[in-house]
Amino acid sequence: MSGNEDWALRAPPSAKLERMEAFFGGYGFEPHRHDTYAIGRTLAGVHCFHYRNSMRHSLPGGTIVLHPDELHDGEAGTDDGFRYRILYIEPALLQRALGGKPLPFIPEGISRDPRLYAATQTLMQGMECPIDPLEEDDAIYDLAQALALVAGARRGRKALDYQAAERAREYIHSAMDRAITLEELEQASGRDRWRLSRDFRALYGTSPYRYLTMRRLDHVRALIVTGQTLTDASLIAGFSDQSHMTHHFTRAYGIPPARWLRMLHHH
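Residues numbered from 1 in each chain as written. Predicted model: local features only at pLDDT ≥ 70, side-chain atom pairs only at ≥ 80, totals over all residues. Heavy atoms only, no water.

Chemist: Looking at this structure, how should I read the overall build of the protein?
Modeler: Along its length, the protein carries 10 helices and 10 strands. Relative to the 2.2 N^0.38 estimate, which gives 18 Å for 267 residues, the radius of gyration of the protein is 18 Å and therefore close to what a compact globule would have. Across its three principal directions, the C-alpha atoms of the protein cover 55 × 45 × 40 Å. For the protein, with 267 residues in total, the buried portion stands at 51%. Counted over contacts in the protein with a minimum sequence separation of 6, partners at least 24 positions apart contribute 72%. (Helix = DSSP H or I, 4+ residues; strand = E, 2+ residues; numbered from the N terminus. Rg over C-alpha atoms; globule rule 2.2 N^0.38 Å. Buried < 20%, exposed > 50% of the residue type's maximum accessible area, 1.4 Å probe, protein only. Contact = heavy atoms within 4.5 Å.)

Have a look at this one:
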């Protein structure tokens, strides 16, 4: 691994969440948005990112908490580059601990709250440390509770139909390889489509269509890591072609798939 080359290292695969450590020597990634929370900490250097109309500066000691579907980018604040660990966690997983409440929101994108720092300790271990499945479940529960405490309650929300939204989400997983309509989701969930759409966004941080697209991109990433071509991976995962997939990939992760693969192989 040479000097200031960008690299990324992923933790051993977990069925539940994705952890990675990365280094960027300068410019990191384009503005993008994914439908997971991105929760991380800067290990070295200054990690600068635009978030909710302001420039944020993450230094060691704080906890980065990017909300699902919020646009952000990333670059180094000094010539030394920045190194960080990050965890991507699906809101649906946190909802199992939250029980169908609106998602916790931390407007600044960075928290200095020691409760959140403590709750992320297990998940912020080095990538070489495998986390026991039961320990991981505990850590997800602790993270959900800490996020809810630090964010405080969001007022004025109507009651959400969590069961109906879960039925719709499960239906999306059963239909990954084809186009689905809101009408189908309405039938699968037993809930009026527009109310379902609203509840789905409040509970999972994104729309049903974006949720489906992001799960397809997860599938693409799993395939290309094992050596599938971009073209084949795109078609297997349900995209109409490679350029359609690349467009969605870059909007979701801020770097094109070929660069993402290069960074993983660089370490």
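Chemist: Sorry, what's going on with unusual backbone geometry here?
Modeler: One can expect most non-glycine residues to show negative phi and most peptide bonds to be in trans. Even without a glycine there, the phi angle at asparagine 53 is positive, about 65°. Locating asparagine 53 in the fold gives a position in the loop between strand S5 (47–51) and strand S6 (54–58). Owing to a relative accessible area of 83%, asparagine 53 belongs among the exposed residues under this scheme. Of note, aspartate 69 is a non-glycine position whose phi angle comes to about 65°, a positive value. Counting through the fold element by element, aspartate 69 comes out in the loop between strand S7 (63–66) and strand S8 (72–76).

Chemist: Help me understand the UniProt feature "domain: HTH araC/xylS-type" (unreviewed entry) in the protein in this model?
Modeler: Here, the residues flagged by UniProt with the feature "domain: HTH araC/xylS-type" (unreviewed entry) are residues 166–263. In residues 166–263, the share of helix is 74% and the share of strand is 0%. The end C-alpha atoms are 35 Å apart. (UniProt positions renumbered as here; feature names shortened; annotations may be inferred.)

Chemist: Explain the side chain of threonine 213 here, please?
Modeler: Here threonine 213 shows up in helix H7 (residues 208–225). The buried category is assigned to threonine 213, whose relative accessible area is 6%. If near-sequence neighbours (up to four positions away) are discounted, threonine 213 is found in contact with Phe239 and His248.

Chemist: Which parts of the structure should I look at to understand the sheet that holds strand S2 (residues 18–24)?
Modeler: Neighbouring strands of a sheet are bound in pairs by backbone hydrogen bonds; such pairs are parallel or else antiparallel. Spatial strand order, S1-S2-S9-S4-S7-S10: six strands in an open sheet with antiparallel pairing. Looking at the sheet topology across the chains shown, the edges are occupied by strand S1 (7–10) and strand S10 (110–111). The pairing of strand S4 (residues 37–44) with strand S9 (residues 82–89) spans seven bridges and is classified as antiparallel. The residue of S9 that forms the bridge with glycine 40 is isoleucine 86. Where helix H10 (residues 257–266) meets the sheet, its contacts fall on S1 and S2, and the angle it forms with S1 comes to roughly 75°. (Pairing = 2+ DSSP bridges. Axes fitted to C-alpha atoms, helices over the stretch in contact; angles between N-to-C directions.)

Chemist: What's the story with a negative patch on the surface in this structure? I'm lost.
Modeler: A grouping of Asp132, Glu135, Asp138 and Asp142 is seen on the molecular surface, where their side chains present a negatively charged patch. For aspartate 138, the location among the structural elements is in helix H3 (residues 133–151). (Patch = residues over 30% accessible without salt bridge, like charges linked within 9 Å, V, L, I, M, F, W, Y side chains within 5 Å. Areas by Shrake-Rupley, 256 points an atom, 1.4 Å probe, with all protein chains shown as cover. Salt bridge = Lys/Arg side-chain N within 4 Å of Asp/Glu carboxyl O. Lys, Arg positive; Asp, Glu negative; His and termini not counted. Charge placed at Lys NZ, Arg CZ, Asp CG, Glu CD.)

Chemist: I'm lost on the packing of aromatic side chains in this one. Help?
Modeler: Aromatic ring pairs: the centre-centre distance and the angle between the two ring planes describe each pair. Taken as a whole and assessed by the stated rule, the structure comprises 10 aromatic pairs. In this structure, arginine 41 is placed above the aromatic ring of tyrosine 117, and the distance from its NZ or CZ to the ring centre is 3.7 Å. Just above the ring of tyrosine 204 sits the side chain of arginine 169; from NZ or CZ to the centre is 5.6 Å. (Phe/Tyr/Trp six-rings, centres within 6.5 Å; stacked < 30°, edge-to-face > 60°. Lys NZ or Arg CZ within 6 Å of the ring centre and 35° of its normal.)

Chemist: I keep staring at the pairing of S7 and nothing clicks. Help me out?
Modeler: Walk down a regular strand and you will see the side chains alternate between the two sheet faces. Neither face of S7 is open: one carries Thr63 and Val65, the other Ile64 and Leu66, and all of them are buried. Pairing of S4 with S7, which is carried by three bridges, proceeds in the antiparallel orientation. Within the sheet, the bridge partner assigned to alanine 38 lies in S7 and is leucine 66. Two elements, S7 and S10, share two bridges in a ladder whose sense is antiparallel. By the bridge assignment, threonine 63 is partnered in S10 with serine 111.

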